[in-house]
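Reading the structure
The primary structure of each chain is shown beneath.
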Amino acid sequence: MVIIFSSNVKKAERARVIVGGQSKVLVSKTAVVDYVTKAKSPTKVVITEDIGLEPALALASQLATLALGTAVVLIRQRLDVSTLSAAMRSQVNEVVEANDAQSLVEALARTGKHLQRSPLNSQEPAKPAGKVVLVFSPKGGCGKTTVATNLAFALSANFEHRVALVDLDLQFGDVAIALQLDPVKTIADALRLKGALDANQVRSLLVDTNRENLKALLAPVDPSDIERITTELVEQVLENLKQEFDFVVVDTAPALNESVIKAIDLANEILLLTNLDVASVKNLKVAIDTMAKLDVDLAKTKVVVNRSTAKSGFDVAVVESMLNANVATSIAASDDVARSLNRGVPVVVAKPRSPASKALIGLASLVSKGVQS
């Protein structure tokens, strides 16, 4: 059941048309609280934009306290950071902009999934936490962002999995450029949210991609924010994303800094990238030895050779010998990759049948083993 809390007949009717199905319009806070408290099934509450922000947030807080199995969607005339922050602190599940019917439909669909995990639906087993897949190379230019973005798109293909792509290269992150995304929100916006982050607040930091089930958390635009992004914040972000998404793909800086080490610790799987040259393999060997000294479980690592070509004079056997580790897969060097990157379209989408795409799709299949959508 969807409850529409509105004091404006036209706005209430518009919301009813968008919501469709079973819905009920209530015009007072008391009536909403009374209905939700007595409800024996999960309830979604849509608060239209004619209700002032303060009373709307007060109602959301009260419902969160009184009624398990309730989700609140807040409609506002316009969205800004302060409104989003206040809404998240009041345990509003979703905030959408007025006159954006599609966003309201999608928000209600997401809150439906939230309600399915609520105590009122405890007969259904809770969905297991998602899998964090980290892409790392100690040497810049090995293609981390290319692999991370393509892996995220391959995992989200055909709506098979919900995927979050996180750019944890805080200083020189290129995910926004690689996918031609507007960094209207970044991980730095978490600094303006007070206290420990919850799932709603982390969700508010994500930007849309051109694939509905793939969201991105972008690196900061302002370099002055970087030093304030702590390992605690990184941990809160990743832990919350694990509860919302089947996969969290993390692109990292080419260095074992504190944020990367924290992400490595939280990762379920670590893809270690190298190119077929002495410097790349040597640097990766040093990084592996360092991770061993930091008590990282090397069993969760997989070595990936990127831009593989016979012209390098190296082959996989040499890499395996130098690293004393098996190579999980090799991604062929291809001009298609560079062309797709310049267009802002992952090669697995632009040229799905190319050898590089087949290797990346195979890598996605490898990391998705045992994970159900």
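Keep in mind that what you see is a predicted model, and the values were worked out from it rather than measured.

1. So, the packing of helix H9 (residues 231-244) against helix H10 (residues 258-266)
- One can describe the packing of H9 onto H10 by two numbers: an axis separation of 9 Å at closest approach and a directional angle of 35°. When the axes of H9 and H10 are compared, the crossing they make is right-handed. Residues Thr231, Val234, Glu235, Leu238 and Glu239 of H9 form the contact with H10, whose participating residues are Glu258, Ser259, Lys262, Ala263 and Leu266.
- A class-by-class count of the residues in the contact of H9 with H10 yields four nonpolar, two polar and four charged.

2. Here's the deal with unusual backbone geometry
- One non-glycine residue, Gln91, adopts positive backbone phi at about 65°.
- By the secondary structure assignment, Gln91 is in the loop between helix H4 (81-89) and strand S5 (94-97).
- The class for Gln91 is partly exposed, based on a relative accessible area of 47%.
- The residue Asn99 is not glycine, and still its phi comes out positive at about 70°.
- Mapped onto the elements, Asn99 comes out in the loop between S5 and helix H5 (101-116).
- Residue class for Asn99 comes out exposed when judged on its relative accessible area of 60%.

3. Observations concerning the confidence of the model for the chain
- Averaged over all residues, the pLDDT of the chain equals 87, while 92% of them reach at least 70.
- Predicted confidence in the chain is weakest over H5, with a mean pLDDT of 78, and strongest over strand S10 (residues 247-252), with 97.
- Counting contacts from residues 117-124, a segment whose pLDDT is below 50, to residues more than four positions away or on other chains yields 12 contacts.

4. What about a nonpolar patch on the surface?
- A contiguous nonpolar surface patch, about 220 Å² in accessible area, is contributed by Val278, Val318 and Met322.
- Looking at the element boundaries, Val278 is found in helix H11 (residues 278-293).

5. Some remarks on the nonpolar core
- Grouped together as the largest cluster of nonpolar side chains are 45 residues, with contacts concentrated most on Leu134, Leu238, Leu241, Val250 and Val319.
- With sequence-adjacent residues up to four places away left out, Leu238 is seen in contact with Val166, Val248, Val250, Ala263 and Leu266.
- In this structure, Val207, Val249, Leu273 and Val304 belong to the second largest nonpolar core, which totals 34 residues.

6. Things to note about the environment of Arg162
- Along the chain, Arg162 falls in the loop between helix H6 (144-155) and strand S7 (163-168).
- Judged by its relative accessible area of 19%, Arg162 falls in the buried class.
- For the pair Arg162 and Glu244, spaced 82 residues apart in sequence, the C-alpha to C-alpha distance is 8.1 Å.

7. Description of the environment of Asp189
- Here Asp189 is to be found in the loop between helix H7 (175-178) and helix H8 (199-203).
- Assessed through its relative accessible area of 16%, Asp189 is described here as buried.
- For the pair Asp189 and Ser85, spaced 104 residues apart in sequence, the C-alpha separation works out to 9.7 Å.
- Apart from the residues lying within four places of it in its own chain, the contact partners of Asp189 are Val184 and Leu205.
- A polar side-chain atom of Asp189 sits 2.9 Å from the main-chain amide nitrogen of Thr186.

8. Some remarks on the sheet that holds strand S11 (residues 269-274)
- Here we have eight strands laid out as an open sheet, ordered S8-S9-S7-S10-S6-S11-S12-S13, and mixed in their pairing. Each end of this open sheet is capped by a strand with a single partner; those strands are strand S8 (207-208) and strand S13 (327-332).
- With respect to the sheet, H6 is in contact with strand S6 (131-136), S7, strand S9 (214-217), S10, S11, strand S12 (301-308) and S13, its orientation differing from that of S10 by roughly 170°.
- Across the face of the sheet, helix H15 (residues 355-367) comes into contact with S6, S10, S11, S12 and S13 while running at roughly 155° to S13.

Analysis parameters
Residues numbered from 1 in each chain as written. Predicted model: local features only at pLDDT ≥ 70, side-chain atom pairs only at ≥ 80, totals over all residues. Heavy atoms only, no water. Axes fitted to C-alpha atoms, helices over the stretch in contact; angles between N-to-C directions. Helix = DSSP H or I, 4+ residues; strand = E, 2+ residues; numbered from the N terminus. Left-handed = near helix turned anticlockwise from the far one by under 90°. Contact = heavy atoms within 4.5 Å. Nonpolar A, V, L, I, M, F, W, Y, C, P; charged D, E, K, R; others polar. Buried < 20%, exposed > 50% of the residue type's maximum accessible area, 1.4 Å probe, protein only. pLDDT = per-residue confidence, 0-100. Patch = residues over 30% accessible without salt bridge, like charges linked within 9 Å, V, L, I, M, F, W, Y side chains within 5 Å. Areas by Shrake-Rupley, 256 points an atom, 1.4 Å probe, with all protein chains shown as cover. Salt bridge = Lys/Arg side-chain N within 4 Å of Asp/Glu carboxyl O. Core = buried A, V, L, I, M, F, W, Y, C linked by side-chain atoms within 4.5 Å. Polar contact = N/O pair within 3.5 Å; in protein donor to acceptor, adjacent residues only side chain to side chain. Pairing = 2+ DSSP bridges.

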